[in-house]
Amino acid sequence: MTFDFWAVLAEWPLLLQGLAWTLGLTVVATLVGMAVGIGGAWARAWGPAPLRWAVGVYVELIRNTPFIVQLFFIFFGLPAAGVMLTPITASLIAMVLNLGAYATEIIRAGLQATPRGQMEAAVSLALSPAQVFWRVVLPPALKKVWPAMVSQIIIVMLGSAVCGQISVEELSYAANLIQSRNFRAFEAYIIATLAYLALAILARRLFNWLGPRFLFGK
Amino acid sequence: MTEFTSWDIVRNLLLAVRWTVVLSLIAFVGGSVVGAALLALRLRGGKVAQRCIGGYVQVFQGTPLLMQLFLGYFGLGLLGLDVSPWTAAALALTLYTSAYLTEIWRGCVASIPKGQWEASTSLALSFGEQMRHVILPQAVKIATAPTVGFLVQVIKGTALASVIGFVELTKAGSMIANVTFRPFTVFACVALFYFALCFPISLFAKTLERKTNVSRA
Amino acid sequence: MSAVLETTETTTAVGAPVVRITALRKSFGTNEVLKGIDLDVLRGEVVCIIGKSGSGKSTLLRCINGLEEFQDGSLTVDGKPLLHESAMAMRALRQRVGMIFQGFNLFPHLSVGRNVMLAPTLVKKRSGADAEAQAKKLLTRVGLAEKFDAMPEQLSGGQQQRVAIARALAMEPAVLLCDEITSALDPELVGEVLRVVESLADEGMTLLMVTHEMSFARKVSDRVIFMHQGRVHEMGPPAELFGSPKTPELQQFLSSLHD
């Protein structure tokens, strides 16, 4: 049983490209997904009853079905209903919807933990409802739930490995491609797995730094 | 081309649900046993054991389940064993579950106030007696809700076993979609079946969580 | 600064001290919290330890039953030295030394009766019936006989602390350590706990108490120790210590209490 890691590492351009795709997908999904999450959280906390119910259904559907099934439904199922999507678009939509549902719940928990007094003080200062939300309520809520949010982002990033199954050229796809060429399956997957692990660790650090910087202050 | 009724689709999917359930249970039970053993090691063993198990947890939580399944499948194959997708999936999911459960349970034990340890120590109880009579009874109560909640994750995780060829619900769905040319209906059904499995468990976990929070408040 | 004061009253009649501490030093990392403690506690003595927070009072108490490990010096309980490495020795130690905590630390999943019965059943291998009878007796002693089947959460703070005392007494210790046992109680509940402690003192229990209840210390203790910055700063009978404090630190401490 000999291992030949160099055969895999020699294909580093492919691996790097895969890494870049994984990162890119994650970043876009995070930005849009968090927007969805903030909107959904607001709707669940303060929206009219039908909207609250609709968002609730969306959240429970996503959280109780596997991501791969969501992806397959969007990519394979929707074309039958007339909606044609490229693998990348389908992946992004799936990732956004997935992260958005979890983000809705996470951020909602943060919003509901806001002390009532904060909102009353802001309203007393004649801030508009929108201002109260964006400037007084949301930032501390995000800060409180940021660790959970970052964990969820990483989960979605690791989940994106499945997108290689619909030919998105991200990291797992690169590993598959490499091993189909040189038959070094174990080595290829080990290297890809280590790359994911490194990504997960780095991404956590990055988001822990980004959050305070741009979203909610120290 | 034969015409497939919706009932044909549903019937075939239902047959595949069996395998999803079986794989989920094997992974959950197996993972619980391994996770409990790891927890005991973590609590009793020295810094080395704790660091190793911490690393084990980090690896499983920081890498895609898909990769873990691939490695299980191809890794075992390397050892010369003739591995079926079924065995590889069972092994990978069991280890995956064990990592998450040991971490959940460690957190629950850690949340027991230090005073409980100090009081039982001061009463001359041994470590084993402390665990059995004071710490674990309290930890189990706290751990029940998140452990039940994780079962949902396990069920969803079995869907990835389809990628290494294990014929469970998702794989059956892919195959049926290819044959019937009705992917929209088929995958919608697949999603609904997972929902039917997972949603009641999620609700139950939420009820449990509310109960433990009330009793602790 | 400290010198061991040999009290003339009861030493020779009783014999060797129950707790003997010699040159005890303890640090948390680089921070030395106990800077050489010498202390003898005689059987039946009630010793109250007072001082500012951070003076090392609780740490000293926790060294005596091994919850904290010390780096230097020696500690002997009932003639037996404290050996941290030996689990068996520590277990034997804790059967001789009981502790009551500021936060009560009752076991929330066990009823009051079972809280008291747990340790005697497991450690002293007492039979269920014996342990139950003993528990009932002790709960009557602390005035909570009717609460045998109640759960801790149903009790007030004062009641929980009295259960904690019964629980510690069930192990029939030679020494009882009390670590600020009334500090977490609402004022109106403090009295019921102190009355139990006073009755224990009257019965001849050896008590070592870290406390802020100065009137109690004055009334009940045989000796008061004032700790300051990790050392025994002053030591003596309560009338002397409270009435005529010798050092400026003690004078300052006592006056700050009256603010």
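Cut-offs applied
- Residues numbered from 1 in each chain as written.
- Chains lettered and ligands numbered in written order.
- Predicted model: local features only at pLDDT ≥ 70, side-chain atom pairs only at ≥ 80, totals over all residues.
- pLDDT = per-residue confidence, 0-100.
- Contact = placed C-beta atoms within 7 Å.
- UniProt positions renumbered as here; feature names shortened; annotations may be inferred.
- Helix = DSSP H or I, 4+ residues; strand = E, 2+ residues; numbered from the N terminus.
- Core = buried A, V, L, I, M, F, W, Y, C linked by C-beta atoms within 7 Å.
- Buried ≥ 20, exposed ≤ 12 C-beta atoms within 10 Å, placed from the backbone.
- Axes fitted to C-alpha atoms, helices over the stretch in contact; angles between N-to-C directions.
- Parallel < 35°, antiparallel > 145°, perpendicular 65-115°, else oblique.
- Left-handed = near helix turned anticlockwise from the far one by under 90°.
- Nonpolar A, V, L, I, M, F, W, Y, C, P; charged D, E, K, R; others polar.
- Pairing = 2+ DSSP bridges.

Quick look at the confidence of the model for chain C
Residue and element names in this part refer to chain C. Averaged over every residue, the pLDDT of chain C is 90; the share at 70 or more is 94%. This model gives residues 1-13 a pLDDT under 50, and the stretch forms 13 contacts once residues within four places in sequence are excluded. Predicted complex, confidence summary: ipTM 0.91, pTM 0.85.

Description of the UniProt feature "domain: ABC transmembrane type-1" (unreviewed entry) in chain A
Using the residue numbers shown here, the UniProt feature "domain: ABC transmembrane type-1" (unreviewed entry) corresponds to residues 19-207 of chain A. Note that residues 19-207 of chain A is 84% helix and 0% strand, and that its end C-alpha atoms are spaced 17 Å apart.

What about the nonpolar core?
Grouped together as the largest cluster of nonpolar side chains are 208 residues, with contacts concentrated most on Leu-71 and Tyr-189 of chain A together with Leu-69, Ala-89 and Val-190 of chain B. The leading source of residues in this core is helix H5 (residues 87-112) of chain A, at 13 residues.

Description of the packing of helix H6 (residues 116-124) of chain A against helix H7 (residues 129-159) of chain A
All names here are of chain A. Relative to each other, H6 and H7 sit at 135 degrees, their axes nearing to 10 Å. The angle between H6 and H7 places the two elements in the oblique class. The way H6 lies across H7 gives a crossing that is right-handed. Contacts between H6 and H7 pair Gln-118, Met-119, Ala-122 and Val-123 from the former with Val-132, Val-136 and Val-137 from the latter.

Some words on the interface of chain B and chain A
A common way to state how big an interface is: give the accessible area lost once the parts meet. Residue-level contacts link 30 residues of chain B with 31 residues of chain A. Looking at the side of chain B that touches chain A, the elements that each hand over two or more residues are helix H3 (65-78), helix H6 (127-158), helix H7 (169-180) and helix H8 (183-216) of chain B. Ranked by residue count, the leading element in the side of chain B that touches chain A is H8 of chain B, at 11 residues. Of the residues contributing to the side of chain B that touches chain A, the split by class is 23 nonpolar, five polar and two charged.

Points about the pairing of strand E8 (residues 206-210) of chain C
Residue and element names in this part refer to chain C. Burial analysis of E8 places five of its five residues in the buried class, which makes it a mostly covered element. With burial as the criterion, each face of E8 is covered, one bearing Thr-206, Leu-208 and Val-210 and the other bearing Leu-207 and Met-209. Looking at chain direction, strand E3 (residues 46-51) and E8 are connected through four bridges and run parallel. Bridge pairing links Ile-49 to Val-210 in E8. As paired elements, strand E7 (residues 175-179) and E8 share five bridges and run parallel to each other. Within the sheet, the bridge partner assigned to Leu-176 lies in E8 and is Leu-207.

Observations concerning the UniProt feature "transmembrane region" (unreviewed entry) in chain A
All names here are of chain A. On the UniProt side, "transmembrane region" (unreviewed entry) is annotated at positions that read residues 20-43, 71-101, 145-168 and 188-207 here. The span residues 20-43 is 100% helical and 0% strand by assignment, and the distance between its end C-alpha atoms comes to 34 Å. Span residues 188-207 is 100% helix and 0% strand, its end C-alpha atoms 28 Å apart.

Describing the arrangement of the chains
In this assembly two pairs of chains touch, with chains A and B having more contacts than any other pair. These two, chain A and chain C, are apart from each other, with no contact and a minimum C-alpha gap of 26 Å.

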